[in-house]
Amino acid sequence: MTNFADVSDRLAEQAIELPSWAFGNSGTRFKVFAQPGVPRDPFEKIADAAQVHKYTALSPSVALHIPWDKVASYADLKKHAEDHGVALGTINSNTFQDDIYKLGSLTHSDAKTRQTAIDHHFECIDIMGETGSRDLKIWLADGTNYPGQDDMRGRQDRLTDSLQKIYERIGEGQRLVLEYKIFEPAFYHMDVPDWGTSYAQVAALGDRATVCLDTGHHAPSTNIEFIVMQLLRLGKLGSFDFNSRFYADDDLIVGAADPFQLFRIIVEVIRGGGYGSDGDTAFMLDQCHNIEDKIPGQIRSVLNVQEMTARALLVDRAALSAAQLAGDVLAAHGILMDAFYTDVRPMLASWREERGLPADPMAAYAESGYAASIIEGRVGGAQAGWGA
Ligand code: RM4
Ligand code: MN
């Protein structure tokens, strides 16, 4: 197997973007449990996200969701982020919470409604100019609940047209990233349900349009690493939304439900040239911490990604290729499993210490007193959550 020492520099290339919304209150359609100390505005969300980076050096940027993270001055928010040692990252659009979008946004049959949704994306692109963000990420809730409700073909054609208009505004050095999701909130059909649809749409746009793969957005038992391989092969894997799931879009801590799947995905990212300085596939989290504390929830998540990345980097590629070419099924499988079963936690603890980081970021955060300080300090105002 590859030595840990040989991969330690590659681990330093890791950057995992955090979602601002992971720090606000969230829940299910049954209940949102408020937590004391939760941020009341985007500035406080950034401050919390910076804590994750402080203890792990893994999360140098924070994604914003518009309008949830609307502020009077994005220059001030950018400066605030930089003062806290992080940058502002992907801008996520939101056309899933306004009444006018009940029957769709970019796919809506009414041209005025479509234009309102397109204008929202123009606003997001303007914000990207101010925040210095590279990516506009689009996830659409568009779809139908009943067979016959609307013309799926017409909706797809309108989507192409709307995306084209948005893409024309995307600047040099910026990207449009289109996320897919199999179902929810629409239950009969989604207008962007799978990677193939997302790929077809972004391929028609051009080089600066790519696909976002959210690991919670597939049917159970989908071979996600195959999709990773294919999109990288096609040069279209723009980003990941990492989270884990037992059933549907559970948005649980990355690697909690199936660490082996996370390993297999990262193996393919590395194989396909999407990791670190090899490529430009962005690693992001898209999670909600409904019952656990949010900052440690995010620390745990980035550490899980780092752990599986370390194991994936340990795969002896040369030996694996040789075994594959020789048709040695069991040897090839064994080489992969040797890396997966390696407990890299002690090595990563030393790796952190060598870089002036705490060996145990979870413990260091717990001992820091930050949680008590935000509970004490953030009184009054309205806590952030979905829709705020
Ligand atoms: C969606 C999708 C998007 C995220 C929203 C909050 O299910 O995963 O990426 O922005 O949720
Ligand atoms: Mn997502």
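Remember, it's a predicted structure, so these values are computed and weren't measured experimentally. Numbering of residues starts from 1 in every chain and runs along the sequence as written. Both sets of labels track the order of writing: A upward for chains, 1 upward for ligands. A pLDDT threshold of at least 70 governs which residues receive local features in this predicted model, and a stricter bar of 80 or more applies before side-chain atom pairs are shown or counted, although totals over entire chains, interfaces and linings include all residues. Excluding hydrogens and water, the side-chain values take into account all heavy atoms of the structure.

A. Up close: the overall build of the protein chain. A helix here means a DSSP run of H or I that spans at least four residues, while a strand means a run of E at least two residues long, and both kinds are numbered starting from the N terminus. Scanning the protein chain from terminus to terminus reveals 14 helices and ten strands. Here the protein chain has a C-alpha radius of gyration of 21 Å; the compact-globule value for 388 residues is 21 Å, and the two agree. Its C-alpha atoms give the protein chain principal-axis dimensions of about 60 × 60 × 40 Å. Per-residue accessibility, obtained with a 1.4 Å probe over protein chains only, is compared with the maximum for each type, and a residue is labelled buried under 20%, exposed over 50%, and partly exposed between these values. Counting over 388 residues, the protein chain shows a buried share of 54%. Shrake-Rupley sampling with a 1.4 Å probe provides the accessible areas, and residues are treated as covered by the protein chains on show and by no other component. Per element, the accessible surface of the protein chain, about 16700 Å² overall, is 53% carbon and sulfur. His is not counted here, nor are the chain ends, while Lys and Arg score as positive and Asp and Glu score as negative. Charge positions come from single atoms, namely NZ of Lys, CZ of Arg, CG of Asp or CD of Glu. The positive charge centre, built from 35 side chains, and the negative charge centre, built from 54, are 3 Å apart in the protein chain. Values of the radius of gyration come from C-alpha atoms, whereas the globule rule sets the reference at 2.2 Å times the count of residues to the power 0.38.

B. How the structure looks around the packing of aromatic side chains. Planes of paired rings set the category: under 30 degrees apart is stacked, over 60 is edge-to-face and the rest tilted, where pairs are Phe, Tyr or Trp rings (Trp by its six-membered ring) whose centres lie within 6.5 Å. In the structure shown here, the tally under the stated rule is 15 aromatic pairs. Measuring from centroid to centroid gives 5.6 Å for Phe240 and Phe283, while their planes differ by 75 degrees, and the two rings are edge-to-face. Of this pair, Phe240 sits in strand S9 (residues 237–242) while Phe283 sits in strand S10 (residues 282–285); the two residues are 43 residues apart in sequence, bridging distant segments of the chain. Note on accessibility: Phe240 and Phe283 belong to one class, buried. In this structure an aromatic cluster arises from ring pairing among Trp21, Trp68, Phe96 and Trp139. Remark: a charge is flagged as sitting over a ring if the NZ atom of Lys or the CZ atom of Arg is within 6 Å of the ring centre and within 35 degrees of the ring normal. In this structure, Arg264 packs its charged tip against the face of Phe260, placed 4.6 Å from the ring centre. Over the aromatic face of Phe340 sits the side chain of Arg311, whose NZ or CZ is 5.1 Å from the ring centroid.

C. Looking closely at the site of ligand 1. Whether a residue is near a molecule or strand depends on its heavy atoms: it is near if one of them lies within 4 Å of it. Neighbouring ligand 1 are 14 residues, the closest being His65, Glu179, His217, Asp241 and Asp286. We call two N or O atoms a polar contact when they sit within 3.5 Å, provided that within protein one can donate a hydrogen and the other can accept it, with sequence-adjacent residues counted only if both atoms are side-chain atoms. Side-chain polar atom of His217 to an oxygen atom of ligand 1: 3.2 Å apart, as the coordinates give it. Out of a free accessible area of 290 Å², ligand 1 has 96% covered by protein chains. When residue character is reported, Ala, Val, Leu, Ile, Met, Phe, Trp, Tyr, Cys and Pro are called nonpolar, Asp, Glu, Lys and Arg charged, and the others, Gly included, polar. Looking at the shell around ligand 1, its residues break down into four nonpolar, three polar and seven charged.

D. Just the coordination of the manganese ion (ligand 2), in detail. Donor atoms from the polypeptide that coordinate the manganese ion (ligand 2) comprise Glu179 (OE), Asp214 (OD), Asp241 (OD) and Asp286 (OD), at 2.1 to 2.2 Å from the metal. Water is not among the atoms examined, so metal sites may look incomplete; donors are the N, O and S atoms within 2.8 Å of the metal, or within 3.2 Å for Na, K and Ca. Sites are called tetrahedral only when four donors show all angles between 85 and 135 degrees, square planar or octahedral only when four or six donors show opposite pairs over 155 degrees and all other angles between 65 and 115, and irregular in any remaining case. Geometry at the manganese ion (ligand 2) is octahedral, judged from the six donor atoms that bind it and their angles of 73 to 165 degrees at the metal. Each donor residue of the manganese ion (ligand 2) belongs to the same chain, with the gaps between them written as E-x34-D-x26-D-x44-D. Here the residue Glu179 occupies a position in strand S6 (residues 175–179), and Asp214 occupies one in strand S8 (residues 209–214), the gap between them amounting to 35 residues. Exposure class is identical for Glu179 and Asp214. Each is buried.

E. Structural view of the sheet that holds S8. Strands sit in the order S1-S2-S3-S4-S6-S8-S9-S10 around a closed barrel of eight strands; the barrel is parallel. Each adjacent strand pair in this sheet contributes to an overall mean axis angle of 30 degrees, direction not counted. Only when DSSP finds a minimum of two bridges between them are two strands counted as paired. Here strand S1 (residues 16–19) pairs with strand S2 (residues 61–65) via two bridges, running parallel. The partner of Leu18 across the bridge, within S2, is Val62. Sheet strands in contact with helix H6 (residues 195–205) are S6 and S8, and its direction is about 160 degrees off that of S8. A fitted line through C-alpha atoms represents every axis, and for helices the fit uses only the stretch in contact; the resulting angles, taken between N-to-C directions, go from 0 to 180 degrees. By definition in these notes, contact holds between two residues if any of their heavy atoms fall within 4.5 Å.

F. Summary view of the pairing of S9. Taking burial as the measure, the six residues of S9 include six buried ones, the bulk of the element. Pairing of S8 with S9 involves four bridges; the strand directions are parallel. Bridge assignment links Cys212 to a residue of S9, and that residue is Ser239. Once you follow S8 into helix H7 (residues 224–233) and on to S9, the crossover reads as right-handed. Pairing of S9 with S10 involves four bridges; the strand directions are parallel. Note on S10: the bridge partner recorded for Phe242 is Leu285. If the strands point away from the viewer and the path from the first strand over the helix to the second runs clockwise, then the crossover is right-handed.

G. Summary view of unusual backbone geometry. The amide bond that connects Ile66 to the next residue, Pro67, takes the cis arrangement and shows omega of 20 degrees. You can see Pro67 is positioned in the loop between S2 and helix H3 (74–83). Cis geometry is adopted by the peptide bond preceding Pro185, which originates at Glu184 and carries an omega value of 10 degrees. With respect to the element layout, Pro185 can be found in the loop between S6 and strand S7 (189–190). A positive phi angle is found at Ser221, which is not glycine, with a value near 70 degrees. Examined against the element boundaries, Ser221 turns out to sit in the loop between S8 and H7. For Asp251, which is not glycine, the phi dihedral falls at a positive 55 degrees. On the secondary structure map, Asp251 appears in the loop between S9 and helix H8 (259–271).

Treat this as a map of the structure, not an account of what it does.
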